[in-house]
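# Chains, contacts and geometry: an overview
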Amino acid sequence: MYTHVAVHRSHVMADEAHPNGTDAVDKVTVEVAEMAIDVKEAAKGTEAAGETENPAEAAANGATAKPVSSAAFREQFKAFSKFGDTKSDGKHVTLSQSDKWMKQAKVIDKKITTTDTGIHFKKLKSMKLTFEDYNKFLDDLAKTKKVELEEIKSKMANCGAPGVHNATPGKAAETVARLTDTSKYTGSHKQRFDETGKGKGIAGRKDMVDQSGYVSGYGHKNTYDKTH
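The following refers to the structure shown. From a predicted model like this one, the values you see are computed outputs, not experimental measurements.

## A look at the packing of aromatic side chains
Here the structure, examined in full by the defined rule, presents nine aromatic pairs. Their ring planes at 55° and their centres at 5.6 Å tell us that Phe77 and Tyr134 sit as a pair that is tilted. Taken together, the residues span a long stretch of sequence, with Phe77 in helix H4 (residues 70-81) and Tyr134 in helix H7 (residues 131-145) at a distance of 57 residues. With relative accessibility at 2%, the residue Phe77 sits in the buried group. A residue is classified by how much of its surface remains accessible, and Tyr134, at 0% relative accessible area, is buried. Ring plane angle 40° and centroid distance 5.2 Å describe the contact between Tyr134 and Phe137, whose orientation is recorded as tilted. In this pair, Tyr134 and Phe137 are both assigned in helix H7, three residues apart and thus about one turn of the helix distant. Taken as a pair, Tyr134 and Phe137 share a single burial class, namely buried. Grouping aromatic residues by their ring pairs yields a cluster made of Phe73, Phe77, Phe80, Phe83, Trp101, Phe121, Phe131, Tyr134 and Phe137. Over the face of the ring belonging to Phe131 we find Arg74, whose NZ or CZ atom lies 4.0 Å from the ring centre. Here the basic side chain of Lys153 rests over the ring of Phe73, its NZ or CZ set 5.3 Å away from the ring centre.

Structure follows, in structure tokens:
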């Protein structure tokens, strides 16, 4: 805007300096100003194009989400394809293995059920799916249930090894405490511990012969007054 004004003023000043029109107008100054306008506008056009055509910059600004590691997801596919099948080559996964994987990853919930996975799995008309076909299955499932595909894959890639479930620490601690509380033991198990809960060792498991000289069952052992 200011550059256009400067060009206009240069024309006016030139006319005022030479009212009779006999002297030449300083065309160099005018041309330089006009060139500055062209360069500035060209730079703006290039900058605008760069903002829309630079995907790396767009990703840095949060325009696109970071994709799940394909290698990590493939390794999980291979692991679960062998889960429960020692003869598996790790290249195909069954519906049963897929459901176990999804349950462990907490993908199967109220929104996505085993009925949904069964319907979409059978669309590919095969009892076992390759890695490529399994990706098609997940894509179709995600679109139908309106869930982000990357979210599903992220959960499945980070759910841990097959069969690993996170136990609730609180419940586990309560169970251990209950099973190790000797005060609640009965019968022969109760005889294995003293009143403090300390184990008696072999004495708590077998009837030991008393070699002290007292009659078996005598209740006043070691209470005799030796001064008499």
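## Let's talk about the pattern of salt bridges
On inspection of all chains with the given rule, the structure shows five salt bridges. The salt bridge involving Asp116 is made with Lys145; its shortest N-O contact spans 3.4 Å. Of the two residues, Asp116 sits in helix H6 (residues 114-122) while Lys145 sits in helix H7, which places them 29 residues apart along the sequence. Of the residues examined, Asp116 reaches a relative accessible area of 14% and is grouped as buried. For Lys155, the salt bridge is made with Glu151, and the minimal N-O distance between the two is 3.8 Å.

## Comments concerning the nonpolar core
Counting residues in hydrophobic clusters, the biggest one holds 24 residues, and the most contacted among them are Met102, Tyr134, Leu138 and Met156. For this core, the elements supplying multiple residues, two or more each, are H4, helix H5 (95-104), H7 and helix H8 (149-157). If you tally residues by element for this core, the top one is H7, at six residues.

## Description of the environment of Gly84
With respect to the helices, strands and loops of the structure, Gly84 is situated in the loop between H4 and strand E1 (93-94). The exposed category is assigned to Gly84, whose relative accessible area is 79%.

## Things to note about the environment of Glu150
Mapped onto the elements, Glu150 comes out in helix H8. Sequence separation of Glu150 and Asp139 is 11 residues, and the distance between their C-alpha atoms is 9.4 Å.

## Some words on H8
Those residues of H8 that fall on the buried side of the exposure criterion are Leu149, Ile152, Lys153, Met156 and Ala157. Looking down the long axis of H8, one finds its buried residues gathered within 125° of arc, a one-sided arrangement. In this structure, the buried residues of H8 make contact with H4, H5 and H7.

## Quick word on the packing of H5 against H7
One can describe the packing of H5 onto H7 by two numbers: an axis separation of 13 Å at closest approach and a directional angle of 55°. Classed by the angle they form, the pair H5 and H7 counts as oblique. As for how H5 packs across H7, the hand of that crossing is right-handed. Contacts between H5 and H7 involve Ser98, Trp101 and Met102 on the former and, on the latter, Tyr134, Phe137, Leu138 and Leu141.

## Considerations on the packing of H4 against H8
Viewed as axis vectors pointing N to C, H4 and H8 meet at an angle of 60°, and their least axial separation amounts to 9 Å. Considering the angle they form, H4 stands oblique to H8. Along this stretch, H4 crosses H8, giving a crossing that reads as left-handed. Taken together, the residues of H8 that come into contact with H4 (itself represented by Ala72, Phe73 and Gln76) are Lys153, Met156 and Ala157. For the contact of H4 with H8, a count of residues per class yields four nonpolar, one polar and one charged.

Quick notes on the rules
Numbers given for residues are sequential positions, taken from 1 along each chain in its written order. Totals for whole chains, interfaces and linings use all residues, but because this is a predicted model, local features are given only for residues with pLDDT of at least 70 and pairs of side-chain atoms are given and counted only at 80 or more. With hydrogens and water set aside, each side-chain value is computed from the structure's full complement of heavy atoms. Ring pairs shown here join Phe, Tyr and Trp side chains whose ring centres sit within 6.5 Å, with only the six-membered ring taken for Trp; geometry is labelled stacked below 30 degrees between planes, edge-to-face above 60, and tilted in between. Think of it this way: any DSSP run of H or I at least four residues long counts as a helix, any run of E at least two long counts as a strand, and we number them from the N terminus. Each residue gets one of three labels from its accessible area relative to the maximum for its type: buried under 20%, exposed over 50%, partly exposed in between, using a 1.4 Å probe on protein chains only. Remark: a charge is flagged as sitting over a ring if the NZ atom of Lys or the CZ atom of Arg is within 6 Å of the ring centre and within 35 degrees of the ring normal. Just to be clear on terms, a salt bridge is a Lys or Arg side-chain nitrogen sitting within 4 Å of an Asp or Glu carboxyl oxygen. To define a nonpolar core, start from buried Ala, Val, Leu, Ile, Met, Phe, Trp, Tyr and Cys residues and group those joined through side-chain atoms within 4.5 Å. An arc is given here, and it is the one of the directions from the helix axis to the C-beta atoms. In this analysis, two residues are considered to be in contact whenever any of their non-hydrogen atoms come within 4.5 Å of each other. Only the stretch in contact is used when a helix axis is fitted, and all axes are lines through C-alpha atoms; the angle between N-to-C directions ranges over 0 to 180 degrees. With respect to orientation, any angle under 35 degrees is reported as roughly parallel, any angle over 145 as roughly antiparallel, any angle of 65 to 115 as roughly perpendicular, and every other angle as oblique. Each helix crossing is assigned a hand: it is left-handed if the near helix lies turned anticlockwise from the far helix by less than a right angle, otherwise right-handed if that turn is clockwise. Amino acid classes used here: Ala, Val, Leu, Ile, Met, Phe, Trp, Tyr, Cys and Pro are nonpolar; Asp, Glu, Lys and Arg are charged; the rest, including Gly, are polar.

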